[in-house]
Number of protein chains: 2
Amino acid sequence: MIHDPFLTDGNDLAGRVLIGLTKIGIALKSQSWQDANTSGLSPTQGQILALLHAKGSDGLRLSAIAHELSVTPATASDAVATLVDKGLVLKDRAADDRRAIAITLTDVGQQQAEKVLGWSDFVKVAVDELSAEEQVGFLQGLIKIIRNLQQQGHIPIAHMCVTCQHFRPNVYDNPDYPHHCNFVDAPFGNQHLQVDCPDYYSPLST
Amino acid sequence: MIHDPFLTDGNDLAGRVLIGLTKIGIALKSQSWQDANTSGLSPTQGQILALLHAKGSDGLRLSAIAHELSVTPATASDAVATLVDKGLVLKDRAADDRRAIAITLTDVGQQQAEKVLGWSDFVKVAVDELSAEEQVGFLQGLIKIIRNLQQQGHIPIAHMCVTCQHFRPNVYDNPDYPHHCNFVDAPFGNQHLQVDCPDYYSPLST
DNA sequence: AAATATATTTAGGAGTTCTAAGATTCGCTG
DNA sequence: CAGCGAATCTTAGAACTCCTAAATATATTT
């Protein structure tokens, strides 16, 4: 009997999506290890630099880093200590809470961080192969999946429009700009949906 | 001046898609470590069991495992040796090539492998939140991205319709079943596109 | 038969990951 | 205001991942 890959599916679309996401996960991981060898930075160290570059202007707490990267404080502490040894970040006690530390980039660290950001360009190249419409649709699917993973507690809080207090979905008739952001006080469309917005206001913060 | 997340984008859709994919990668990784603790299997060990379960009925080569998981043969060799110690897999010299080894699951390993397959169910749950149309569209985007990563050499060969010798795209007028698979000799649609087909026939195999 | 190529293993070293236990510091309560 | 519990971070120990480089055994080619 011939194997028929089509017989059993329809119900297993989700399974194939999972396989695809897993493959991309493998690609990201193996690439970051290869970059580690050439740059002298391990994957976690690189992720920390990128994180500080993105939102660390005022210094990040160790626990914040651990949470964003979904590792334990112990792991984050190790990696940060190594980065301090390499002269890429600084650790100071936080002014407001002397249990905590504020982690910032040094000048050298800043430069390294910018290099790290180029690590993943190969994915951007692949994504750019999609048409603009496909990219918007794909992003929307991704956002729905992430939101669900968040609700299940399997992923740290993402700063996405769809879970932000500033977000007012579908308040306009204009199909290109149906949503409104209260923070910037402007209408916007699906192609503008954020995944990691600096102005995010959490529904959980009381 | 207020930060405006919308000003700079349109060109940076791909960047946001990358952030989203990265977040899912983090979720997959951290989840597999958590499962590692409860099951006694490390992430790589679990992946190997899952791989053997999916396509290991005749025994897999070590190099094949290393390639699928994008690790070096050395890393794969270590992990397999540990699995042998745990009694989950068997190593035999391959009949046709006595340099190579054939790795197969033991009965206990088979049972463990089935448990491992449940590790990622939380992602399936999230994907199932999408409508059928969204899932098909998302899968197509994923396939295009994977194919591109493959062409760039950043991901191992995936066994996808779109790069398979048996695949004849868009040969029928029927919009629901436009494609044809020469192997099963049947028409099929976008919702049936495979990502890891056992009947894959590579354009590279000469 | 000798040289080259392929498949796997071993050894060594850096890094990640976890849990568990300790040191500080904060914030609340009595 | 003293003290207790909670939060923040560090350290220690163990298992595992990951790499490169070198060794071993078998195929393939010349």
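The following paragraphs examine the structure supplied in this document. If you're wondering where the values come from, they're calculated on a predicted model, not measured in any experiment. (Residues numbered from 1 in each chain as written. Chains lettered and ligands numbered in written order. Predicted model: local features only at pLDDT ≥ 70, side-chain atom pairs only at ≥ 80, totals over all residues.)

### Focus: the environment of Leu52(B)
Residues and elements named next belong to chain B. Formally: Comment: elements are numbered from the N terminus, with helices defined as DSSP H or I runs of at least four residues and strands as E runs of at least two. Our contact criterion uses C-beta atoms placed from the backbone: two residues qualify when those atoms are within 7 Å.
Among the structural elements, Leu52 can be located in helix 2 (residues 43-55). Expressed as a C-alpha distance, the spacing of Leu52 and Leu105, which sit 53 residues apart in the sequence, is 6.7 Å. Contacts of Leu52, omitting those with residues within four sequence positions, involve Leu60, Val89, Ile103, Thr104, Leu105 and Ala113.

### Section: the relation of the copies chain B and chain A
The following threshold applies: To line up the copies, we fit them by least squares on C-alpha atoms, keeping just the residues with pLDDT of at least 70 in both.
When chain B is fitted onto chain A, the two copies agree to an RMSD of 0.1 Å after a turn of 180 degrees and an axial shift of 0.0 Å. Put plainly, the chains are arranged around a two-fold axis. When the interface residues of chain B are mapped onto chain A, 100% of them again lie at the interface, so the same face is used by both copies.

### A closer look at the sheet that holds strand 3 (residues 167-168) of chain B
All names here are of chain B. Stated precisely, the cut-off is as follows: Strands were regarded as paired on the criterion that DSSP finds at least two bridges between them.
Strand order in the open sheet formed by three strands is 3-4-5, with antiparallel pairing between adjacent strands. Lying at the two open borders of the sheet, with one neighbouring strand each, are strand 3 and strand 5 (186-188). Note that strand 3 and strand 4 (residues 179-181) share two bridges and pair antiparallel. By the bridge assignment, Phe167 is partnered in strand 4 with Cys181.

### Looking at the packing of helix 3 (residues 62-69) of chain A against helix 4 (residues 73-85) of chain A
Residues and elements named next belong to chain A. What counts, and what does not: To get an axis, a line is fitted to the C-alpha atoms, and for a helix only the part in contact is used. The angle between two axes follows their N-to-C directions and goes from 0 to 180 degrees. Each angle gets one of four labels, with under 35 degrees taken as roughly parallel, over 145 as roughly antiparallel, 65 to 115 as roughly perpendicular, and the rest as oblique. A crossing counts as left-handed when the near helix is turned anticlockwise from the far one by less than a right angle, and as right-handed when that turn is clockwise. Three classes are used: nonpolar for Ala, Val, Leu, Ile, Met, Phe, Trp, Tyr, Cys and Pro, charged for Asp, Glu, Lys and Arg, and polar for all others, with Gly counted as polar.
Between helix 3 and helix 4, the shortest axis-to-axis distance is 9 Å and the interhelical angle comes to 110 degrees. Compared by their axis directions, helix 3 and helix 4 come out roughly perpendicular. The way helix 3 lies across helix 4 gives a crossing that is right-handed. For the pair helix 3 and helix 4, the contacting residues are Leu62, Ser63, Ile65, Ala66 and Leu69 in the first and Pro73, Ala76, Ser77 and Val80 in the second. Of the residues belonging to the contact of helix 3 with helix 4, the class tally is seven nonpolar, two polar and no charged.

### Overview of helix 7 (residues 132-151) of chain A
Convention followed: Expected span of a helix, by definition, is 1.5 Å for each gap between consecutive residues, and there is one gap fewer than residues. Around each residue's C-beta, the other C-beta atoms within 10 Å are counted; 20 or more make the residue buried, 12 or fewer make it exposed, and counts in between make it partly exposed. All C-beta atoms are placed from the backbone.
Helix length check: helix 7 of chain A, at 20 residues, gives a terminal C-alpha distance of 29 Å against a target of 28 Å (1.5 Å per residue), a fit within 8%. Residues Phe138(A), Leu139(A), Gly141(A), Leu142(A), Ile143(A), Ile145(A), Ile146(A) and Leu149(A) constitute the buried set of helix 7 of chain A. Buried residues belonging to helix 7 of chain A abut helix 1 (13-39), helix 6 (121-127) and helix 7 (132-151) of chain B. Following helix 7 of chain A by one or two positions, Gly153(A) adopts a phi angle in the positive range, close to 80 degrees.

### Observations concerning the nonpolar core
To be explicit about the condition: To count as a nonpolar core, a set of buried Ala, Val, Leu, Ile, Met, Phe, Trp, Tyr and Cys residues must be joined through C-beta atoms within 7 Å.
Formed by 105 residues in total, the largest nonpolar core has its most connected members in Val17(A), Ile146(A), Val17(B) and Ile146(B). Aside from chain neighbours lying at most four places away, what touches Val17(B) is Val127(A), Gln135(A), Phe138(A), Leu139(A) and Leu142(A).

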